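Okay, here's what each chain looks like letter by letter:
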Amino acid sequence: DPKIIQKPKYLVAVTGSEKILICEQYLGHNAMYWYRQSAKKPLEFMFSYSYQKLMDNQTASSRFQPQSSKKNHLDLQITALKPDDSATYFCASSQEPAVNTEVFFGKGTRLTVV
Amino acid sequence: GQQVQQSPASLVLQEGENAELQCNFSTSLNSMQWFYQRPGGSLVSLFYNPSGTKHSGRLTSTTVIKERRSSLHISSSQTTDSGTYLCASGSWQLIFGSGTQLTVMP
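Note that the structure is a prediction, hence the values are computed from the model and not measured.

1. Topic: the layout of surface pockets
Thought 1: A volume near 480 Å³ is recorded for the largest pocket.
Thought 2: Lining of the largest pocket is provided by 23 residues; of these, Gln37(A), Ser38(A), Lys40(A), Lys41(A) and Gln37(B) occupy positions nearest its centre.
Thought 3: Where the lining of the largest pocket is concerned, the elements lending two or more residues are β9 (87–94) of chain A together with β9 (83–90) and β11 (100–105) of chain B.
Thought 4: Examining the composition of the lining of the largest pocket, we find that three residues originate from one element, β9(B), more than from any other.
Thought 5: Its residues assigned to classes, the lining of the largest pocket comprises six nonpolar, 13 polar and four charged.

See the structure below:
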């Protein structure tokens, strides 16, 4: 059974629209993250949350807004979508937001902006 | 800046051959994880190995933290091993390498 659930698996959006990517983890972890993988680029870190508080933000654009309604939820709202936002977005979690801790990943949401 | 470099970028093997994948990381990074990325894109965690050697079936991971390197050894490769292998190192966030694309021919 997957312990980190991402919804939807695939998403097609129109330029300029807004979408929310859903992530729930059932590992009992206290830290959650979003990573992005664009075509032919390495996975890159976007956000980290710990105990529902933003810890780190490496995303330059304010169009990307994480939302944490519960400790085990970290959704990603993306507004004013652009074709360059097309990528696979991975949610991840770890027991604590500490150095030297194993990070677990969801299966990803593949977003295509047309 | 913080960097993770993987080699080789691609590797083609005949079934049954062994593979050695390398990962080098910069001094500011500490942890080390290896992942297998399926052709469909999902990530499978292979090892969390900040130091020392770990084994799992035909896979062995060795991290020498003083030398800022880690390796992933695949013995007796199978066609189902084909895919992309990623290493990632981090402090408060994971920095990923560009991956090794492994193809195992029957």
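2. A closer look at unusual backbone geometry
Thought 1: In this structure, Pro8(A) follows Lys7(A) across a cis peptide bond, with omega equal to -10 degrees.
Thought 2: By the secondary structure assignment, Pro8(A) is in the loop between β1 (4–7) and β2 (10–13).
Thought 3: Looking along the chain, the bond that leaves Ser7(B) and enters Pro8(B) is cis, with omega of -10 degrees.
Thought 4: Take Pro8(B): it is sitting in the loop between β1 (4–7) and β2 (10–14).
Thought 5: The backbone of Arg68(B) shows a phi angle near 55 degrees, a positive value even though the residue is not glycine.
Thought 6: Among the structural elements, Arg68(B) can be located in the loop between β7 (59–64) and β8 (69–74).
Thought 7: Of the residues examined, Arg68(B) reaches a relative accessible area of 18% and is grouped as buried.
Thought 8: One non-glycine residue, Ser76(B), lies in positive phi territory at about 45 degrees.

3. Some words on the packing of aromatic side chains
Thought 1: With the rule as written, the count across this model stands at 10 aromatic pairs over all chains.
Thought 2: Each ring, one from Phe105(A) and one from Phe35(B), has its centre 5.3 Å from the other, and the planes form 85 degrees; the classification is edge-to-face. Taken together, the residues Phe105(A) in strand β10 (residues 104–105) and Phe35(B) in strand β4 (residues 31–37) connect one chain to another.
Thought 3: Since its relative accessible area comes to 12%, Phe105(A) is described here as buried.
Thought 4: Taking the relative accessible area as the measure of exposure, Phe35(B) reaches 1% and is therefore buried.

4. Things to note about empty space enclosed by the protein
Thought 1: Scanning the model with the defined rule gives two cavities of 30 Å³ or more in all.
Thought 2: Estimated volume of the largest cavity: approximately 90 Å³.
Thought 3: Lining the largest cavity are 13 residues, with Val103(A), Ser91(B), Trp92(B), Gln93(B) and Leu94(B) positioned closest to its centre.
Thought 4: Partitioning the lining of the largest cavity into residue classes produces seven nonpolar, six polar and no charged.
Thought 5: Approximately 40 Å³ is the volume found for the second largest cavity.

Conventions used here
- Residues numbered from 1 in each chain as written.
- Chains lettered and ligands numbered in written order.
- Predicted model: local features only at pLDDT ≥ 70, side-chain atom pairs only at ≥ 80, totals over all residues.
- Heavy atoms only, no water.
- 1 Å grid on protein atoms, 1.4 Å probe; cavity = no way out; pocket = protein on both sides within 12 Å on 5 of 7 lines; lining within 4 Å.
- Points joined across faces, edges and corners; volume = space filled by probe spheres on them.
- Helix = DSSP H or I, 4+ residues; strand = E, 2+ residues; numbered from the N terminus.
- Nonpolar A, V, L, I, M, F, W, Y, C, P; charged D, E, K, R; others polar.
- Buried < 20%, exposed > 50% of the residue type's maximum accessible area, 1.4 Å probe, protein only.
- Phe/Tyr/Trp six-rings, centres within 6.5 Å; stacked < 30°, edge-to-face > 60°.

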